[in-house]
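# Breakdown of the fold
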Amino acid sequence: QLAAAPHRETILARRLKGLTGYDAVVIDSSPAMSLLTYNTLLFASEVIVPVGMDGMAILGARQTLAGIREIRELWPDRRLDLLAVLPTSVNVTTKATRAAFDILDEDPELRDHLYRRGIRQCIDVTYAITQRQTIWDYAPRSRAAEDYDAFVQFVRDAEDARPDQAEPDAKIEK
C-alpha cells in the first residue's frame, strides 16, 4: 500500500506535519535505505546515528550517512543535520571496541560527529528491553542510564547552542 502511494517517500512527514506539543520526536529505523527509512529522513531535521562497536554496525552507519547525503542532494531545501554518531556497547578493554574507534576516527564524517564518551556496555540494557522498560525505569543507577543521561544533556546543550531554534526538531535514531 505504501509503495503505490503518491509521493510515497514523504507520507510520514505529511501525516506528522501538524504534530505539536513535543520538544523532540525520536524515530528508530533501520540503517538500510528502505522506503520507511526515506520517510523517516524526510520527516527529520536532525539525525543521531547509533553505532555498535563492530564492523557491521559501522557499515550500517556509513549506509545511513550515504542516505543522508542522498536526501540532501535530492531535496536541497530540506534541512537534515547529523547531530551525533553515538557509539553503543562500548567496552574500551576489548580489542573490538578499540578497533571500532580506530575505524570511526579514520572516517572524517563519522569522526567529526562522534560522541566519544559513548554508551558503555551494560547487561541492564538487554534486561530492560526484555522487560519492555526504559533503562531509567529498569536500572536508573546503572552505567547505561548514567551514559544516556550524559548523552541527553549533550543533545540539549547542542540544541541550546544552535542559533536557528525557531521550532522543535524531529530526531531520528537508527
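A short tour of the structure in this document, coming up. (Residues numbered from 1 in each chain as written. Predicted model: local features only at pLDDT ≥ 70, side-chain atom pairs only at ≥ 80, totals over all residues. Heavy atoms only, no water.)

### What to know about unusual backbone geometry
Positive phi, normally seen in glycine, also occurs at Ser89, with a value near 55 degrees. For Ser89, the position within the fold is in the loop between β3 (81-88) and α4 (95-106). In this structure, Arg132 takes a positive phi of about 55 degrees despite not being glycine. Looking at the secondary structure, you find Arg132 in the loop between α6 (123-130) and α7 (135-138). Arg132 sits in the exposed class, given a relative accessible area of 82%. (Helix = DSSP H or I, 4+ residues; strand = E, 2+ residues; numbered from the N terminus. Buried < 20%, exposed > 50% of the residue type's maximum accessible area, 1.4 Å probe, protein only.)

### Details of the packing of aromatic side chains
Applying the stated criterion to the full structure yields 5 aromatic pairs. Between Tyr115 and Phe151 the ring centres are 5.0 Å apart and the planes differ by 70 degrees, which places this aromatic pair in the edge-to-face class. Of this pair, Tyr115 sits in the loop between α5 (108-112) and α6 while Phe151 sits in helix α8 (residues 143-161), placing them 36 residues apart in sequence. Each of the two residues, Tyr115 as well as Phe151, counts as buried. With a centroid separation of 6.2 Å and an interplanar angle of 70 degrees, the aromatic rings of Trp136 and Tyr148 are classed as edge-to-face. One end of the pair, Trp136, is in helix α7; the other, Tyr148, is in helix α8, with 12 residues separating them in the sequence. A relative accessible area of 24% means that Tyr148 is categorised as partly exposed. Put simply, the rings of Tyr115, Phe151 and Phe154 pair up and form one aromatic cluster. (Phe/Tyr/Trp six-rings, centres within 6.5 Å; stacked < 30°, edge-to-face > 60°.)

### As for the pattern of salt bridges
Inspection of every chain in the model, using the stated rule, returns 10 salt bridges. The shortest N-O distance in the salt bridge between Asp107 and Arg62 comes to 3.1 Å. One end of the pair, Asp107, is in the loop between α4 and α5; the other, Arg62, is in helix α3 (residues 55-74), and 45 residues separate them in sequence. Residue class for Asp107 comes out buried when judged on its relative accessible area of 16%. You can call Arg62 partly exposed: its relative accessible area is 32%. Its salt-bridge partner being Arg117, residue Glu146 comes within 3.5 Å of it at the nearest N-O pair. You can see Glu146 sitting in helix α8 and its partner Arg117 sitting in the loop between α5 and α6, a full 29 residues away along the chain. (Salt bridge = Lys/Arg side-chain N within 4 Å of Asp/Glu carboxyl O.)

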